[in-house]
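Topology and contacts: notes
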Amino acid sequence: MEAAEKLSILIRDAAFECEGGRSVAARAVQELKAQRLQESIYHAKVRGGTIPLLKTLLTNACIKNCAYCPIAAYCDHQVVSFKPDEMARLFIAMHKAGLVNGLFLSSGVVRDADTTQELINDTAKLLRTRYGFRGYIHLKVMPGASPEAIKEASRWANRISVNLEAPNEMRLKKIAPDKNFQTELIPTLQHIAQIVDLKRVEWLERSGLVKRYGKGWLVDLDDLTTLPRLPILSSTTQFVVGAAGESDREILQTVARLYRQAQLGRAYFSAFRPICGTRMENAPSESTVRERRLYQADFLLRQYGFEVPELPFDANGQLPLDKDPKLAWALQHPEHFPIEVTTAEREELLRVPGIGPETVGKLLAARKKGAILTANDLHRLGVILKRAAPFITLHGKPVSKEVSVKEPEATEQLRLL
Ligand code: SF4
């Protein structure tokens, strides 16, 4: 089978992941262009732009039997594979042709976790060493991979991730009977956490922000609190939402624990869609609104100072679908409002619907200069008055929802890096 044909199958089979001889590779690129397969290239959001990523599998063979997965061992599908060198050559040819600037590489599990991880790692190593590729590489870590294999992945990747798929052992067993939450997935995330920690400290040491002191570290706390996002290895995970009957509370409790204890950089949520030929082909789809509410709640945990128990779950542990969780929380807590924007603390401002972390920073800076006089000033600083007005006062008076210029809709940008 030609390289382009194999790649098109593997790109298709990688679609359920969230994110993203020269002559053979060159011919494959021509075919990719001819078949307009470049439209399958995944454009991942990054700060300030997007990266065209080749998001693919090394092989769609797998020994596991996940109930939702179209390439599980029990599924009847055409199996294709690339060797690490084939994949590296093809990627470089696509990169040189201007089709892609980054790679998101995953794989079905062949034989065992470490054998598969070695193939993934070898591909990235070839790209970095033989082909001198310096761009973005995201490598999937196989559940149960050894610390050595994870460490090797971290040498070549900008991001590594392992998919949890479900929030706990009981839920995981329903959809992925061959995987073990406690003995496989959590230890893999913990190994990733240790490596991410180590890389951070090394980066901070190189930057002069921490210094070795005996067996410990001397840290400049002032500098650390104002640090931008560190430009080093990060880790992510993904949940299939709605496949295992789990609640939003279960998912967000697990996510919050991983942020605290496992240096998790981001969690991704993917609403379950049944796929023909899988054991869950007749199960109902999950609403994408639920997926969106989970992302919004995740932002509240990471950037707004919310704790999981504060989130507005119903009696079944689900977030409301008809409004975003920050607005739902504000409506449930009238005792906190209205908030006077010229004197409120940062934490209070962050609780107001229509005011995000960046806007809070601008408000605090403008307040020092006495530059907040009117609703138009609030709008200019980024406050979305249509949402915020019922919850704030300005110099002791209610604020009009109307401003003289059109307001943008509130949007949340997902970041890759
Ligand atoms: S481990 Fe499960 S989800 Fe991953 S490729 Fe294999 S069957 Fe699919």
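Residues numbered from 1 in each chain as written. Predicted model: local features only at pLDDT ≥ 70, side-chain atom pairs only at ≥ 80, totals over all residues.

**Structural notes on the site of the ligand**
In the vicinity of the ligand, the contacting residues are C62, K64, C66, C69, I71, A72, G108, V109 and A176. Split into classes, the residues belonging to the shell around the ligand amount to seven nonpolar, one polar and one charged. (Near = placed C-beta within 6 Å. Nonpolar A, V, L, I, M, F, W, Y, C, P; charged D, E, K, R; others polar.)

**As for the sheet that holds strand 10 (residues 339-340)**
The strand order 10-11-12 describes an open sheet built from three strands, whose pairing is mixed. In this open sheet, the two edge strands, each paired with only one partner strand, are strand 10 and strand 12 (397-398). Pairing analysis gives two bridges linking strand 11 (residues 392-394) to strand 12, with the strands arranged antiparallel. What sits directly across from L394, in strand 12, is K397. (Pairing = 2+ DSSP bridges. Helix = DSSP H or I, 4+ residues; strand = E, 2+ residues; numbered from the N terminus.)

**Quick notes on the packing of helix 5 (residues 147-156) against helix 7 (residues 181-206)**
Between helix 5 and helix 7, the shortest axis-to-axis distance is 10 Å and the interhelical angle comes to 40°. Here helix 5 lies oblique to helix 7, going by the angle between them. Both helix 5 and helix 7 take part in a crossing whose hand is right-handed. For the pair helix 5 and helix 7, the contacting residues are P147, I150, K151 and S154 in the first and H191, I192, I195 and K199 in the second. Residues of the contact of helix 5 with helix 7, tallied by class, amount to four nonpolar, two polar and two charged. (Axes fitted to C-alpha atoms, helices over the stretch in contact; angles between N-to-C directions. Parallel < 35°, antiparallel > 145°, perpendicular 65-115°, else oblique. Left-handed = near helix turned anticlockwise from the far one by under 90°. Contact = placed C-beta atoms within 7 Å.)

**Focus: the environment of D322**
Assignment of secondary structure puts D322 in the loop between helix 10 (288-303) and helix 11 (325-332). Judged by the 8 C-beta atoms lying within 10 Å of it, D322 falls in the exposed class. (Buried ≥ 20, exposed ≤ 12 C-beta atoms within 10 Å, placed from the backbone.)

**Section: the pairing of strand 2 (residues 49-57)**
A regular strand carries its side chains on alternate faces of the sheet. Looking at chain direction, strand 2 and strand 3 (residues 102-106) are connected through five bridges and run parallel. Across the sheet, residue K55 finds its bridge partner in strand 3, namely F104. Regarding topology, helix 3 (residues 84-96) serves as the crossover connection from strand 2 to the parallel strand 3, and that connection is right-handed. (Right-handed = clockwise from strand over helix to strand, strands pointing away.)

**Considering the pairing of strand 3**
The element strand 3 is largely enclosed, with a buried count of five among its five residues. As paired elements, strand 3 and strand 4 (residues 136-140) share four bridges and run parallel to each other. Counterpart to G102 in the pairing with strand 4 is Y136.

**With respect to the environment of P143**
Here P143 is to be found in the loop between strand 4 and helix 5. A sequence separation of 26 residues divides P143 from Q117, and the C-alpha atoms of the two residues are 9.6 Å apart.

**Some words on the confidence of the model for the protein chain**
The pLDDT averaged across the protein chain works out to 85; a share of 83% of its residues lies at or above 70. pLDDT under 50 marks residues 18-23. Its contacts with residues more than four places away, or in other chains, come to 16 contacts. Segment residues 410-417 is flagged for pLDDT under 50; beyond a separation of four residues in sequence, or across chains, it makes 17 contacts in the model. (pLDDT = per-residue confidence, 0-100.)

**Digging into helix 7**
Compared with the 38 Å implied by 1.5 Å per residue over 26 residues, the 36 Å span of helix 7 between its first and last C-alpha is a close match. Regarding helix 7, the residues found buried are F181, L185, I186, T188, L189, H191, I192, I195, V196 and L204. Looking at the residues trailing helix 7, positive phi occurs at G208, about 80°. (Expected span 1.5 Å × (residues − 1).)

**Focus: helix 13 (residues 357-368)**
Counted at 1.5 Å a residue, the expected span for helix 13 with its twelve residues is 16 Å, and the 17 Å between its end C-alpha atoms agrees. Looking at the residues trailing helix 13, positive phi occurs at G370, about 65°.

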